[in-house]
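# Notes for the structure review
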Amino acid sequence: MRALALAGLLCALRAGGTELTFELPDSDKQCFHQELERGLKFTLDYQVITGGHYDVDCYVEDPNGRTIYKETKKQYDSFPHHTEVKGVYTFCFSNEFSTFSHKTVYFDFQVGDEPPILPDMSNRVTALTQMESACVTIHEALNAVIDSQTHYRLREAQDRSRAEELNSRVSYWSVGETLILFVVSIGQVMLLKSFFTEKRPGSGGAGT
């Protein structure tokens, strides 16, 4: 049965965004909705963290129901877009092609351009002072650090999931080998015991 998860992410803002990590069951689909003004820029970044082949279907629809982005079985991707009409935009993640793989998906939805760090920066006609230039440089460096931390957190979660899956497989294999060795040992003991407990035919002769 197809389940549809409706979530209001943001109000119509000039700049903003949200990050979310959610579980996507097999043969399921989850959609999210965002109301946007005309002429705004938004960016959708997503990545599959765990499950199956780490792939998912994703599509984005505008308020008129027109598909403006669609990808199938992607591990990760980024989709920037400028809105052409005002209304509710919908983006969905689908795992309907999988019948048993449970997925964990991360996405980052950013709306609008980042406001300038200085209030009058866009209208300035003079050069920035040394202090202002340092502030801008530090701000850009911190943004790069935030992006790197997000990337490494996702990689760490993905690698941890693979390690746990490999550990469970090794554990099951070890238990299976132990059981096989136990059965073989018992079989060998029983076989050797049968060699030594075999009854020899009695020798009886009539005396003359």
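Residues numbered from 1 in each chain as written. Predicted model: local features only at pLDDT ≥ 70, side-chain atom pairs only at ≥ 80, totals over all residues. Heavy atoms only, no water.

As recorded in an unreviewed UniProt entry, the chain goes by the name Transmembrane emp24 domain-containing protein 3, listed as coming from Grus japonensis.

The element strand E2 (residues 29-36) is extensively covered by neighbouring structure, given that six of its eight residues are classed as buried. Bridge count between E2 and strand E7 (residues 87-94): eight bridges; the pairing is antiparallel. Across the sheet, residue Lys29 finds its bridge partner in E7, namely Ser94. (Buried < 20%, exposed > 50% of the residue type's maximum accessible area, 1.4 Å probe, protein only. Helix = DSSP H or I, 4+ residues; strand = E, 2+ residues; numbered from the N terminus. Pairing = 2+ DSSP bridges.)

One pass over the structure, following the stated rule, counts 15 aromatic pairs. Each ring, one from Phe32 and one from Phe91, has its centre 5.7 Å from the other, and the planes form 25 degrees; the classification is stacked. One end of the pair, Phe32, is in strand E2; the other, Phe91, is in strand E7, and 59 residues separate them in sequence. Each member of the pair Phe32 and Phe91 is classed as buried. (Phe/Tyr/Trp six-rings, centres within 6.5 Å; stacked < 30°, edge-to-face > 60°.)

Moving on to the layout of surface pockets. By volume, the second largest pocket is sized at about 160 Å³. For the second largest pocket, the full set of lining residues is Thr50, Gly51, Gly52, Tyr54, Ser161, Glu165 and Arg169. At three residues, the largest contribution of residues to the lining of the second largest pocket is made by helix H1 (residues 130-196). By residue class, the composition of the lining of the second largest pocket is one nonpolar, four polar and two charged. (1 Å grid on protein atoms, 1.4 Å probe; cavity = no way out; pocket = protein on both sides within 12 Å on 5 of 7 lines; lining within 4 Å. Points joined across faces, edges and corners; volume = space filled by probe spheres on them. Nonpolar A, V, L, I, M, F, W, Y, C, P; charged D, E, K, R; others polar.)

A few words on the nonpolar core. Grouped together as the largest cluster of nonpolar side chains are 23 residues, with contacts concentrated most on Phe42, Leu44, Tyr46, Val60, Phe91, Phe93 and Phe107. Of all the secondary structure elements, the ones that give two or more residues to this core are strand E1 (16-24), E2, strand E3 (41-50), strand E4 (56-61), strand E5 (67-74), E7 and strand E8 (103-111). (Core = buried A, V, L, I, M, F, W, Y, C linked by side-chain atoms within 4.5 Å.)

With that settled, consider the pattern of salt bridges. Per the stated rule, a full pass over the model turns up six salt bridges. Here Lys86 makes a salt bridge to Glu37, at a shortest N to O gap of 3.7 Å. You can see Lys86 sitting in the loop between strand E6 (76-82) and E7 and its partner Glu37 sitting in the loop between E2 and E3, a full 49 residues away along the chain. Owing to a relative accessible area of 29%, Glu37 belongs among the partly exposed residues under this scheme. A salt bridge links Glu156 to Arg160, with the nearest nitrogen and oxygen atoms 2.6 Å apart. Taken as a pair, Glu156 and Arg160 lie in helix H1 at a separation of four residues, close to a single helical turn. Accessibility expressed as a relative area gives 43% for Glu156, which makes it partly exposed. Overlapping salt bridges, with partners in common, bring together Asp62, Arg66 and Glu84 in one network. (Salt bridge = Lys/Arg side-chain N within 4 Å of Asp/Glu carboxyl O.)

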